Amino acid sequence: MKLYTHPLSPAAQKVRLTLAEKHLDCSRHHVDLPNKENLEPWYLRLNPRGTLPTLVDGDTVVNESSVICEFLEDQYPKTSLRPADNAQRAAMRSWMNVVDDRLHYACGALIWPALMRPALLDKTAAEREAILSRIPDRARQARHRRWVEHGVDNPDFRRAVLVYQDTAEMMNSSLAEREWLAGDQFSLADCALLPYFHAMAQMGWDGIYSTCGNVSDWFERGRARPSFRNEISEQVSSDMLAAMNAAGTKFRDRVLEVIATDHRKLALKGNAA
């Protein structure tokens, strides 16, 4: 097997966690995202949307991180990351869907304007347009144009903070009764969500979830696992981490202000009722 990946991609991290937890050997090709290797013709032949990750297993090419994780479960069931109980298995898939439906886009809306936008602003308008126009997914192309133009002032940024906060509160309630998201077994649900909360921690934005004690405890349990240490923590260089922390520090007050404003609105609503 071969995985096309990048150290900072949460979607790729989730597949790497799955591979490690299932003790599967897989070679890696690190796709150069800053220089848009993911938009090169050779990669688009593997993944027409130009997204990460992509898994190649023999003659089979699998795109989309959740699909890859389920493929690995079906193809290599010896070490299972699916609960045996059907209700817990449904819970696992519901949490995975939270990432696919909401959290993945929220993560991009937060980190991309803060971390990736400055490099594009250093280019000429024509160079930026040449890069953006190569993005195959028109919806993603439109989002990136909006983020380049408005940075963290775009409305997606504020909504993304609230999506994270709402997700953390949902998780906090669920984790009050269990060690892992779908039950007492570490599952694909935990593989799916851990990288997206780690991304916030790397940016110094853990205030998004730190008031949810059960989530903070879950995150500490997750990142203490050897799979997390080997496939996520140790894959990020000190230079990468410093760049993320610097970008995050610049906009930390903006993130905290969104949270504080939302709490004030909820308090006012409660008093009015």
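Residues numbered from 1 in each chain as written. Predicted model: local features only at pLDDT ≥ 70, side-chain atom pairs only at ≥ 80, totals over all residues. Heavy atoms only, no water.

## What to know about the sheet that holds strand β3 (residues 54–57)
Point 1. The mixed open sheet is built from 4 strands, whose spatial order is β2-β1-β3-β4. Each having just a single partner strand, β2 (27–30) and β4 (60–63) make up the two edges of the open sheet. Going across the sheet, the axis of each strand differs from the next one's by a mean of 20 degrees, ignoring polarity.
Point 2. Both strand β1 (residues 2–5) and β2 contribute to a ladder of 4 bridges, which runs parallel. Bridge pairing in β2 places Leu3 opposite Arg28.
Point 3. Across the sheet, helix α1 (residues 10–21) touches β1 and β2, and the angle it forms with β1 is around 150 degrees. (Pairing = 2+ DSSP bridges. Helix = DSSP H or I, 4+ residues; strand = E, 2+ residues; numbered from the N terminus. Axes fitted to C-alpha atoms, helices over the stretch in contact; angles between N-to-C directions. Contact = heavy atoms within 4.5 Å.)

## Concerning the environment of Cys212
Point 1. Tracing the sequence through the fold places Cys212 in the loop between α8 (188–202) and α9 (213–223).
Point 2. According to the relative accessible area criterion, Cys212 is buried, its value standing at 7%.
Point 3. Counting along the chain gives 47 residues from Cys212 to Gln165, while the straight-line C-alpha distance between them is 9.2 Å.
Point 4. Excluding anything up to four places from it in sequence, Cys212 contacts Ala168, Glu169 and Asn172. (Buried < 20%, exposed > 50% of the residue type's maximum accessible area, 1.4 Å probe, protein only.)

## So, the pattern of salt bridges
Point 1. Counting across every chain of the model gives 17 salt bridges.
Point 2. Of the charged contacts in the structure, one is a salt bridge between Glu40 and Arg134, with a shortest N-O distance of 3.4 Å. Taken together, the residues span a long stretch of sequence, with Glu40 in the loop between β2 and α2 (41–46) and Arg134 in the loop between α5 (125–132) and α6 (138–150) at a distance of 94 residues.
Point 3. Glu40 sits in the partly exposed class, given a relative accessible area of 31%.
Point 4. For the salt bridge of Arg82 with Glu70, the shortest nitrogen-to-oxygen distance reads 2.6 Å. Taken together, the positions of Arg82 in the loop between α3 (65–75) and α4 (86–121) and Glu70 in helix α3 put the pair 12 residues apart, joining distant regions of the chain. (Salt bridge = Lys/Arg side-chain N within 4 Å of Asp/Glu carboxyl O.)

## What about the packing of aromatic side chains?
Point 1. All chains considered together, the criterion is met by 11 aromatic pairs.
Point 2. Where Trp42 meets Tyr43, the ring centres are 5.6 Å apart and the plane angle is 80 degrees; that geometry is what we call edge-to-face.
Point 3. On the accessibility criterion, Trp42 (28% relative accessible area) is partly exposed.
Point 4. Here a set of aromatic residues connected by ring pairs shows up, and it is made of Tyr164, Phe197, Tyr209, Trp218, Phe219 and Phe228.
Point 5. Here Arg221 stacks its cationic end above the ring of Trp180, 5.5 Å away from the centre of that ring.
Point 6. Above the plane of the ring of Phe186 lies Arg225, whose end atom (NZ or CZ) is 3.9 Å from the centre. (Phe/Tyr/Trp six-rings, centres within 6.5 Å; stacked < 30°, edge-to-face > 60°. Lys NZ or Arg CZ within 6 Å of the ring centre and 35° of its normal.)

## Observations concerning the nonpolar core
Point 1. Tyr164, Phe197, Met200, Trp205 and Trp218 are the most contacted members of the largest nonpolar core, which totals 75 residues.
Point 2. Discounting residues that sit within four places of it in the chain, Tyr164 has contacts with Leu103, Ala106, Cys107, Leu110, Tyr196, Phe197, Met200 and Ile208.
Point 3. Tyr4, Tyr43, Leu46 and Leu52 belong to the second-largest nonpolar core, a separate cluster that totals 6 residues. (Core = buried A, V, L, I, M, F, W, Y, C linked by side-chain atoms within 4.5 Å.)

## Side note on the packing of helix α7 (residues 155–174) against α9
Point 1. Across the interface, α7 lies against α9 with an axial gap of 7 Å and an inter-helix angle of 85 degrees. Judged on the interaxial angle alone, α9 and α7 are roughly perpendicular. Residues Ala168, Met171 and Asn172 of α7 touch α9, and the partners they reach there are Gly213, Asn214, Val215 and Trp218.
Point 2. For the contact of α7 with α9, the per-class residue count stands at 4 nonpolar, 3 polar and no charged. (Parallel < 35°, antiparallel > 145°, perpendicular 65-115°, else oblique. Nonpolar A, V, L, I, M, F, W, Y, C, P; charged D, E, K, R; others polar.)

## Quick word on α8
Point 1. Here α8 spans 22 Å end to end across 15 residues, near enough to the 21 Å set by a 1.5 Å rise per residue.
Point 2. Counting buried positions along α8 gives 14 out of 15 residues, so the element sits mostly inside the fold. (Expected span 1.5 Å × (residues − 1).)

## Structural notes on the packing of α4 against α8
Point 1. Axis separation between α4 and α8 bottoms out at 9 Å; the angle between their running directions is 20 degrees. When the interaxial angle is binned, α4 and α8 end up roughly parallel. Between α4 and α8 lies a crossing whose hand is left-handed. Every residue of α8 that contacts α4 at Met92, Trp95, Met96, Val99, Leu103, His104, Cys107, Leu110 and Ile111 is listed here: Leu188, Ala189, Ala192, Leu193, Tyr196, Phe197, Ala199 and Met200.
Point 2. Looking at the contact of α4 with α8 residue by residue, the classes come out as 16 nonpolar, 1 polar and no charged. (Left-handed = near helix turned anticlockwise from the far one by under 90°.)

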